[in-house]
Amino acid sequence: MRVNRAGAGNVWDSRLVATCCAVAGLSETAGANTNTSNGYNLPIGVTDMSKALYGLHMEVFWICVGIAVVVFGVMIYSLVTFRQSKGAIPDTTMVHSTKVEIIWTIIPVVILVVMAVPAAELIIKQEDTRNSELSIRVTGYQWKWQYQYMDAGEGVDFFSTLKQDSNFARQLDSGIDPKSVPNYLLDVDKPLVIPSGTKVRLLLTSMDVIHAWWVPDFGVKRDAIPGFINELWFKVTPGKEGLYRGQCAALCGRDHGFMPIVVDVRSPADFQKWVLEQKAALNPPALPAGAPAPAAAAEPVKTARLD
Ligand SMILES: [Cu+2]
């Protein structure tokens, strides 16, 4: 019995550790990429929006701390000072005091307004996808993401799936220590590439179940729902180029934990170069007249199949 309990305890201990590691996971890899989370608080992030969200979050946090200190301070002081053993007699003069009721209604309303005004301003800003400079259609699948570029990247279209080394290590009895895999479960074969200093709009949808596209460092998280198109936008501060990692944030089935998001932020010039490379790969340049065509041999086979 004792052994069993100890065993169960170990399982829970290890699960707790695993959960904590998973929570801190985005920051654990900070050395290998540019994520700004410290594992304890919201990441400050690399967009004006993520910084504003962090600022608001801290403002509300300190208001809550202030309220807690005042309320618990008065409560504890009253409990200690006016206890029965000291001969305290209940004061009944303030029962149904209109003055007190007005005060304790107005003060919380003022506090709520102080929090609600900047919060509403930020929500309005978050929803404002006007004047975006690059749109990308993001489609969630069980269990991968598809990125289809519009505007300057028109025609670029690819899937982004869990990187092979993570995929092998995660298999039951793989014999591979996940700790030996860099960015375990947080790496993909082909990251989303975007330019810095550019307002990027994502159009999110899904082809099966509800997924959610979440990159903490950009201060964005939104559901990808079949039959709907949701929008989000972000603009990475110039100079913050690098790799940023996120995950699907909606329980989307068996492999929900295995569809990470990696965003490769490049300078606009590097992004332009990347787009040209992608387009060149899609449409190989026409061969000069008279040159031997390497694809010529394959062509009749294709035609024959069609016939
Ligand atoms: Cu998902």
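This is a predicted model, so every value here is computed, not measured.

Basis of the calculations
- Residues numbered from 1 in each chain as written.
- Predicted model: local features only at pLDDT ≥ 70, side-chain atom pairs only at ≥ 80, totals over all residues.
- Heavy atoms only, no water.
- Helix = DSSP H or I, 4+ residues; strand = E, 2+ residues; numbered from the N terminus.
- Buried < 20%, exposed > 50% of the residue type's maximum accessible area, 1.4 Å probe, protein only.
- Contact = heavy atoms within 4.5 Å.
- Areas by Shrake-Rupley, 256 points an atom, 1.4 Å probe, with all protein chains shown as cover.
- Donors = N, O, S within 2.8 Å, 3.2 Å for Na, K, Ca; no water.
- Tetrahedral: all angles 85-135°; square planar, octahedral: opposite > 155°, others 65-115°.
- Expected span 1.5 Å × (residues − 1).
- Pairing = 2+ DSSP bridges.
- Axes fitted to C-alpha atoms, helices over the stretch in contact; angles between N-to-C directions.
- Core = buried A, V, L, I, M, F, W, Y, C linked by side-chain atoms within 4.5 Å.

Enquirer: Account for the overall build of the chain, naming residues and giving values.
Expert: In terms of helices and strands, the chain carries six helices and ten strands. Across the 307 residues of the chain, 30% fall into the buried class. Taking contacts inside the chain between residues at least 6 apart in sequence as the whole, the part at least 24 apart equals 64%. When the accessible surface of the chain is totalled, it reaches about 19,300 Å², and 64% of it is carbon and sulfur.

Enquirer: Please set out the coordination of the copper ion residue by residue, giving values where relevant.
Expert: For the copper ion, every protein donor is listed as His211 (ND1), Cys248 (SG), Cys252 (SG) and Met259 (SD), and the spread of their distances is 2.1 to 2.5 Å. Viewed at the metal, the four donor atoms of the copper ion are separated by angles of 93 to 128°, and the geometry they form is tetrahedral. Look at His211 and you get buried, because its relative accessible area is 0%.

Enquirer: Describe helix 3 (residues 98-127), naming the residues involved and giving the relevant values.
Expert: The end-to-end C-alpha distance of helix 3 is 42 Å, a good match for the 44 Å that 30 residues give at a rise of 1.5 Å each. Inspection of helix 3 places Val100, Met115 and Leu122 among the buried residues, and these make up the whole buried set. Contact partners of the buried residues in helix 3: helix 2 (48-81).

Enquirer: Can you lay out the sheet that holds strand 7 (residues 220-224) for me, pointing to particular residues and giving the numbers?
Expert: Judged by pairing direction, the sheet is mixed, and its five strands sit side by side in the order 4-10-9-6-7 without closing on themselves. For this open sheet the edge positions go to strand 4 (192-195) and strand 7, each flanked by a neighbour on one side alone. Along the sheet, successive strands turn relative to each other by an average axial angle of 25°, direction set aside. Across the sheet, helix 5 (residues 268-282) is in contact with strand 4 and strand 10 (261-266); its angle to strand 4 comes to roughly 135°.

Enquirer: How would you sum up helix 2? Please name residues and give values.
Expert: The end-to-end C-alpha distance of helix 2, which contains 34 residues, comes to 49 Å, matching closely the 50 Å that a straight helix rising 1.5 Å per residue would cover. Every buried residue of helix 2 is accounted for by Met49, Ser50, Leu56 and Met58. Those residues of helix 2 hidden inside the fold are in contact with helix 3 and strand 8 (230-234).

Enquirer: Describe the environment of Thr205, with residues and values.
Expert: The class of Thr205 is buried, set by a relative accessible area of 10%. When the C-alpha atoms of Thr205 and Ile225 are compared, they prove to be 5.1 Å apart, with 20 residues separating the residues in sequence. The residues contacting Thr205, other than those within four sequence positions of it, are Arg137, Val138, Thr139, Gly140, Ala224, Ile225, Pro226, Gly227, Phe228 and Ile229.

Enquirer: Please set out the nonpolar core residue by residue, giving values where relevant.
Expert: Side chains of nonpolar character tend, in soluble globular proteins, to be buried together. Ile136, Tyr147, Tyr149, Trp213, Phe218 and Phe234 are the most contacted members of the largest nonpolar core, which has 33 residues in total. Among all residues touching Tyr147, those that are not within four sequence positions of it are Ile136, Arg137, Val138, Val156, Asp157, Phe158, Ser160, Leu192, Trp213 and Ile261.

Enquirer: Can you tell me about unusual backbone geometry, naming the residues and giving the values?
Expert: Looking along the chain, the bond that leaves Gln142 and enters Trp143 is cis, with omega of 0°. By secondary structure assignment, the location of Trp143 is in the loop between strand 1 (134-141) and strand 2 (144-149). If you check the backbone angles, Asn131 has positive phi at about 60° while not being a glycine. A relative accessible area of 71% means that Asn131 is categorised as exposed.

Enquirer: How would you explain the sheet that holds strand 3 (residues 157-160) if you had to name every residue and give the values?
Expert: Strand order in the open sheet formed by five strands is 3-2-1-5-8, with mixed pairing between adjacent strands. Whereas interior strands pair on both sides, the edge strands pair on one side only; in this sheet they are strand 3 and strand 8. Shown here is a sheet whose adjacent strand axes are inclined to one another by a mean of 25°, direction ignored. Looking at chain direction, strand 2 and strand 3 are connected through four bridges and run antiparallel. Considered in strand 3, the bridge of Tyr147 is made with Phe158.

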